[in-house]
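# Secondary and tertiary structure notes
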Amino acid sequence: MNSMYFTEEHEAFRQSFKDFLQKEVVPHIDKWEKDGTVERFIWKKFGEMGYFGLNQPEEYGGLGLDLFYTVIFLEELQKVNSGGFAANMWAHAYLAMTHLNKEGDDRIKREYLTPSIEGDKIGCLCITEPFGGSDVAGMRTTAVKKGDKYVINGSKTFITNGVYSDYLVVAAKTNLEDKHKGMSIFIMDRNTPGISSTKLDKLGWRASDTAEIAFDNVEIPAENLMGEEGMGFPYIMQHFALERLVMGINAHARAEYAVDYVLGYMKEREAFGRSLDKFQALRHKVAEMASRVDMCREYNYSIAKRLNDGNYVVKEASMSKLLSTKMADEVIYEALQLLGGYGYMEEYPMARLLRDSRLGPIGGGTSEILKEIIAKMVIDKKEYKPAT
Ligand SMILES: Cc1cc2nc3c(=O)[nH]c(=O)nc-3n(C[C@H](O)[C@H](O)[C@H](O)COP(=O)(O)OP(=O)(O)OC[C@H]3O[C@@H](n4cnc5c(N)ncnc54)[C@H](O)[C@@H]3O)c2cc1C
């Protein structure tokens, strides 16, 4: 326990969440990985336990807890070793629901946020488009106001929970002339005519439902605009700080899982008459892996603390994701090597972990884009400010 950040209450929560995952989730993971989707009942169970409402306002059914409960939620989800299952859960709770909470009005919160907390409605966040994801402001999906409605046309891709979510939080252009100020955020029900989804096949995150989504003259009520028209880009950028920190925390947690697993394996496995953990070359490798995990974890905790205290940590969260996801890929690659041939086998955890980890430097802002952003802040002294 790191008592600088975690109290006894936090640790009690960690233990009960771990127990819950072992009992309710782990027995189903192999099936969900094979089926490419998770069953609906688990969403309801998460909702009943309050896990989707950790950081949400009590007024709408949340628990209003500090960010370190979220840190624990993310870490323990990673340790189940299904990046896809974890992604379903955190994309709902920390991508879609963050927009509902920050930009939704009271009606939207009652209609979507409360059922999301209770596990009755599942959400997805639709930003990336087939024509390009990194250039967020260059998106082509349009929302044209006609009377008391908006008409949406366009397409999105790689959307987590994109097939079976009940509602979609969608970014679209309301003014094509203005690249940055012409974007807005909308909420729409899945069953609105004109929305169609196609499931995508992928390298990892196999238990996660990832989709391409088309909008063909989708008519939604004008009051489904979230926040102010034209403020979509700053809202997205603002929430990227949390999203990137989430991905940084996920990365240190899965790397930590890899190191822990390898320690147990090396103790048991023998070569040339002694256990693997007695070979100096391997001991040094593990020492370096463990050190790198520790460095990232402690950095991520300190940024979580600053975010929790209300600071705008866009630079630090970008750095966290950049280096933690790189570290995780490298540590997991080495961990697989330490298992020899068993590392390559599906019955052992490293094969899936390696596949799932590879998304870290791609999703939610690629490493190249993060370097661009960090370079602007470090070299050009550009200052990003929160949306007002
Ligand atoms: C499994 C999965 C789940 C996802 N979930 C979601 C989701 O729920 N919602 C959502 O909106 N999106 C989601 N994404 C999309 C993800 O955020 C994008 O894939 C990512 O932002 C990159 O966009 P792109 O794939 O269009 O790559 P591109 O933008 O086409 O980039 C291609 C390559 O060029 C590089 N590049 C681009 N521009 C520059 C530049 N200026 N300088 C240097 N290099 C550059 C990129 O780093 C990358 O290596 C998901 C993706 C995956 C794979």
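Residues numbered from 1 in each chain as written. Predicted model: local features only at pLDDT ≥ 70, side-chain atom pairs only at ≥ 80, totals over all residues. Heavy atoms only, no water.

### Brief notes about the side chain of Thr-142
Looking at the element boundaries, Thr-142 is found in strand 2 (residues 142-146). Those residues in contact with Thr-142, other than ones at most four positions away along the chain, are Val-151, Ile-152, Asn-153, Ala-172, Lys-173 and Leu-176. (Helix = DSSP H or I, 4+ residues; strand = E, 2+ residues; numbered from the N terminus. Contact = heavy atoms within 4.5 Å.)

### Brief notes about unusual backbone geometry
Of note in the backbone geometry, Asn-81 takes a positive phi value of approximately 60° without being a glycine. Overall, the relative accessible area of 5% leaves Asn-81 in the buried class. If you check the backbone angles, Phe-272 has positive phi at about 50° while not being a glycine. Judged by its relative accessible area of 81%, Phe-272 falls in the exposed class. (Buried < 20%, exposed > 50% of the residue type's maximum accessible area, 1.4 Å probe, protein only.)

### Observations regarding the domain arrangement of the protein
Where interface size is quoted, it is often the accessible area lost as the parts come together. Partitioning the protein into structural domains gives domain 1 (8-121), domain 2 (125-230) and domain 3 (233-378). For domain 2 and domain 3, the distance between their C-alpha centroids amounts to 30 Å. Contacts between the two partners involve 16 residues from domain 2, matched on the other side by 12 residues from domain 3. Across the domain 2-domain 3 interface, the total number found is zero salt bridges. Taken together, domain 2 and domain 3 are joined by three residue pairs in polar contact (both at pLDDT 80 or more). Classifying every residue of the side of domain 2 that touches domain 3 by side-chain character gives 10 nonpolar, four polar and two charged. (Domains from an automatic or database assignment. Salt bridge = Lys/Arg side-chain N within 4 Å of Asp/Glu carboxyl O. Polar contact = N/O pair within 3.5 Å; in protein donor to acceptor, adjacent residues only side chain to side chain. Nonpolar A, V, L, I, M, F, W, Y, C, P; charged D, E, K, R; others polar.)

### Side note on the site of the ligand
Residues in close proximity to the ligand total 18 residues, the closest being Thr-128, Gly-133, Ser-134, Phe-158 and Thr-366. At 3.1 Å from an oxygen atom of the ligand is found a main-chain nitrogen or oxygen belonging to Gly-364. Thr-366 has a polar side-chain atom sitting 2.6 Å from an oxygen atom of the ligand. Isolated, the ligand exposes 980 Å² of accessible area, and the fraction of that covered by the protein chains is 66%. Those elements that place two or more of their residues in the shell around the ligand are strand 3 (149-160) and helix 10 (367-378). Sort the elements by how many residues they give to the shell around the ligand and strand 3 lands first, with three residues. Split into classes, the residues belonging to the shell around the ligand amount to eight nonpolar, nine polar and one charged. (Near = heavy atom within 4 Å. Areas by Shrake-Rupley, 256 points an atom, 1.4 Å probe, with all protein chains shown as cover.)

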